[in-house]
Amino acid sequence: MPGLLGKKIGMTSVFSADGKNVPCTVIEAGPCVVTQIKSVEKDGYAAVQLGFDEAKEKNTTMPMMGHFKKAGTTPKRHLAEFKGFGEELNLGDTVTVEMFADSTFVDVIGTSKGRGFQGVVKRHGFGGVGQTTHGQHNRARKPGSIGACSYPAKVFKGLRMGGQMGNERVTTHNLQILKVIPEHNLLLIKGSVPGYNGSIVIIEK
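Here is what the cut-offs are and how they apply
- Residues numbered from 1 in each chain as written.
- Predicted model: local features only at pLDDT ≥ 70, side-chain atom pairs only at ≥ 80, totals over all residues.
- Heavy atoms only, no water.
- Pairing = 2+ DSSP bridges.
- Helix = DSSP H or I, 4+ residues; strand = E, 2+ residues; numbered from the N terminus.
- Buried < 20%, exposed > 50% of the residue type's maximum accessible area, 1.4 Å probe, protein only.
- Salt bridge = Lys/Arg side-chain N within 4 Å of Asp/Glu carboxyl O.
- Axes fitted to C-alpha atoms, helices over the stretch in contact; angles between N-to-C directions.

A.B. asks: Give a detailed account of the sheet that holds strand β5 (residues 76-82), specifying residues and quantitative values.
C.D. replies: Read from one edge of the open sheet, four strands run β5-β4-β3-β6, paired in antiparallel fashion. Sheet topology places β5 and β6 (94-95) at the edges, where each strand pairs with a single neighbour. The pairing of strand β3 (residues 32-38) with strand β4 (residues 47-54) spans five bridges and is classified as antiparallel. Looking at β4, one finds that lysine 38 is bridged to alanine 47.

A.B. asks: Could you give an account of the pairing of strand β12 (residues 200-204), naming the residues involved and the relevant values?
C.D. replies: Taken residue by residue, a regular strand's side chains alternate between the two faces of the sheet. Of all the five residues making up β12, four are buried; the element is thus mostly covered by neighbouring parts of the structure. Both strand β1 (residues 3-15) and β12 contribute to a ladder of five bridges, which runs antiparallel. Paired with lysine 7 across the strands is isoleucine 200, a residue of β12. Pairing between strand β7 (residues 105-111) and β12: three bridges, direction antiparallel. Note on β12: the bridge partner recorded for aspartate 107 is glutamate 204.

A.B. asks: Mind laying out the pattern of salt bridges, listing which residues take part and the relevant values?
C.D. replies: Counted by the stated rule, this structure contains four salt bridges. Residues aspartate 102 and lysine 205 are paired through a salt bridge, measuring 3.7 Å at the closest nitrogen-oxygen approach. Pair noted here: aspartate 102 is in the loop between β6 and β7 and lysine 205 is in the segment after β12, with a separation of 103 residues, a long-range link.

A.B. asks: Account for the sheet that holds strand β2 (residues 21-29), with residues named and values stated.
C.D. replies: The six strands lie next to each other as β1-β2-β11-β10-β7-β12, forming a closed barrel whose pairing is antiparallel. Geometrically, the sheet is characterised by an average inter-axis angle of 50° between neighbouring strands, direction not taken into account. Alignment of β2 against strand β11 (residues 186-190), held across five bridges, turns out to be antiparallel. Each bridged residue has a counterpart across the sheet, and for isoleucine 27 the counterpart in β11 is leucine 187.

Take a look at the structure:
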């Protein structure tokens, strides 16, 4: 799907036409530069690689400097590939947020906030076991039984237990576009998107 790289700025709220206060996320979408064009003949599939956010030359490796020089652009910090661009793009072309002017809904891909090691109540929504009376002792937030006693005498893979939570690639589908502000490269999307303020997101049509 065609799309853009962007940066999550934060959340705010706007008033709709009928006077409702609608929460929304502000995303700085683009401008992105075409850094590579992949073809079926050479690469086995057709795609367009876009670069976003300026990077310093001293922090860019020599192979990547050659890659950006071939595209005729400055070093970029983030790269992503997109398929299905309707228009013909060339190396060095700039893709802006105006591509979403005729769109109503988008998918947003980001990395969720890391929560560290969490128990089953917060991680999976367990209700806890037992009751607080009749001598219950420090087991209110425990998961309870995790397997059979004699057979199969093991814990099955994938059992919901405590562990690392968050810091995962998350895709949120069908988010409504409230407003496109091309002069500031801003996109206002209804609701929340994964990630912290300042994190990189991918917006797809």
